[in-house]
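Residues per chain, in single letters:
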Amino acid sequence: MDYTFLLGIALIFLATKLLGILCKKIHLPEVVGALVAGIIIGPSLLGLVNFEGDSGIFLEYAAEVGVVLLMYGAGLETDLTEMKKNAVASFVVAVLGVILPLGLGAGAYALFFHENIADHHELLKCLFVGVVLTATSVSITVQTLREMGKLKGAVGTTILGAAVIDDILGIIVLTIVSSMTDPNVDIGGVFIKIGIYAVVLVVLFFVVKFSEPFLATRDGKRRASIFGMAFCFLLAFGSEELFGIADITGAYFAGLMLCNSKISHYLDVRVETINNHFFSLIFFASIGIKATFSGMGGSMWIFTIVLTLVAIISKLGGCGLGSKLCKFSWKESMQIGVGMISRGEVALIVAAKGQQVGLIADDLFAPIVVMVIVTTVITPLLLKIVFKDKKGAGGADSGGEDNSSKEEVAAQ
């Protein structure tokens with residue numbers, strides 16, 4: 001057996017914690033430290049940790065568990081009443097947050113590489129770059145808002161709701177564009193799957209509601225924490241494998257179904273304790289570890305800058321405009337727009353699909369990875385700025401009470 005993965009875990013823990021402490025001292029979200037730590041110990045700089053071989057496979061799987069549990073926890077912390085109130089806003093934000101990146105991304109690629117959009121294949125290549133930019137990954141946003149005590153409320157729930165809808169819309173757009181080059185893709189079948197998925201979620205909601213009294217009795221809290229995580233992983237697996245919907249979306253829905261239960265706070269503390277001490281550290285560091293900057297020429301670096309700027313501006317503009325149309329203030333619209341900037345692993349998955357169907361060239365993958373890294377790192381920094389109140393605080397005071405109460409529950 002190769003025990004290198006133990007060394008990798010130790011290095012990730014030490015680096016993320018040290019950089020996290022440093023970031024906290026200079027009033028930055030600790031998650032920024034974890035991302036930077038991954039870049040430092042990864043192949044881009046020191047090369048101490050990578051995702052190669054059996055050890056790398058283990059770290060990659062652990063990172064995936066981390067993001068699944070992170071979104072499960074976000075679901076548990078969601079205020080369902082607030083989410084219902086902001087359902088229309090979430091939909092509008094998601095739609096504009098897909099349309100603008102799709103158009104601007106495709107246009108930027110076409111103009112930079114002088115593509116002939118009259119040619120069917122060249123047009124599809126442009127569109128696929130736009131599809132990559134439509135993807136949103138709010139796992140970094142969730143962690144940052146949680147640190148600042150801003151996950152609940154109109155802005156936080158709108159971001160989470162829009163991200164879920166964004167995922168569904170992204171799948172539809174991806175399927176449509178892929179079907180133009182792959183005749184085996186059935187667009188109608190995708191819509192049917194999404195409809196069945198919605199029905200399954202409704203049925204599961206009533207099953208969970210019916211099971212709650214059984215889970216909340218006597219030692220039910222301890223029992224429920226195990227059953228809850230099992231339910232999270234089952235729904236994450238089923239979403240990805242049976243319906244083609246991201247596993248993190250299924251995990252979020254699992255938490256959402258339990259968020260109004262009497263033991264939701266207890267469940268949240270339990271999963272956060274496990275995740276914050278192991279899996280999420282590996283996940284956040286893994287984003288930096290995956291960053292590779294070698295082999296890129298001057299023109300590709302320029303395109304990387306263009307692509308990154310378009311990625312930031314398109315989400316900020318599309319989601320911010322959607323928020324403003326739904327009567328949010330300018331400050332709240334900016335907060336929602338910034339919260340939707342991060343692309344994360346979803347964009348990489350879409351890009352990999354583009355490679356498979358021959359619409360994303362190999363040399364274009366590096367700029368996409370860099371764009372993902374930059375948008376992921378910059379999102380928590382911008383969130384810290386846009387959530388700053390008049391006194392200059394980032395809202396941590398409201399999160400302090402929540403953290404102290406969680407420590408009390410964790411001690412039970």
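This report concerns the structure included in the present document. (Residues numbered from 1 in each chain as written. Predicted model: local features only at pLDDT ≥ 70, side-chain atom pairs only at ≥ 80, totals over all residues. Heavy atoms only, no water.)

### Some points on the nonpolar core
Phase 1 of the analysis: The biggest cluster of nonpolar side chains holds 89 residues, and the ones touching the most others in it are Ile 12, Met 71, Tyr 72, Val 138, Leu 160 and Tyr 252.
Phase 2 of the analysis: In this structure, Ile 12 is in contact with Ile 41, Val 49, Leu 59, Leu 281, Ile 282, Ala 285 and Ile 289, ignoring residues within four places of it in sequence.
Phase 3 of the analysis: The next biggest cluster of nonpolar side chains, apart from the first, holds 31 residues, and it includes Val 98, Leu 133, Ala 347 and Met 371. (Core = buried A, V, L, I, M, F, W, Y, C linked by side-chain atoms within 4.5 Å. Buried < 20%, exposed > 50% of the residue type's maximum accessible area, 1.4 Å probe, protein only. Contact = heavy atoms within 4.5 Å.)

### Observations regarding helix H7 (residues 139-148)
Every α-helix carries 3.6 residues per turn, so stepping three or four residues along brings you back to the same face.
Phase 1 of the analysis: The element H7 is extensively covered by neighbouring structure, given that nine of its ten residues are classed as buried.
Phase 2 of the analysis: Within H7 the residues assigned to the buried category are Ser 139, Ile 140, Thr 141, Val 142, Gln 143, Thr 144, Leu 145, Arg 146 and Met 148.
Phase 3 of the analysis: Of the residues trailing H7, Gly 149 is marked for its positive phi of about 70°. (Helix = DSSP H or I, 4+ residues; strand = E, 2+ residues; numbered from the N terminus.)

### So, helix H13 (residues 298-325)
Phase 1 of the analysis: Compared with the 40 Å implied by 1.5 Å per residue over 28 residues, the 40 Å span of H13 between its first and last C-alpha is a close match.
Phase 2 of the analysis: The positive-phi residue at the C-terminal boundary of H13 is Lys 327, with phi of around 75°. (Expected span 1.5 Å × (residues − 1).)

### Quick notes on unusual backbone geometry
Most of the time, phi is negative for any residue but glycine, and the peptide bond is trans.
Phase 1 of the analysis: Even without being a glycine, His 114 presents a positive backbone phi close to 50°.
Phase 2 of the analysis: Along the chain, the position of His 114 falls in the loop between helix H5 (87-112) and helix H6 (120-134).
Phase 3 of the analysis: Looking at His 114, the relative accessible area reads 71%, which means it is exposed.
Phase 4 of the analysis: Despite not being glycine, Lys 327 has its phi angle at roughly 75°, a positive value.
Phase 5 of the analysis: Tracing the chain through its elements places Lys 327 in the loop between H13 and helix H14 (330-339).

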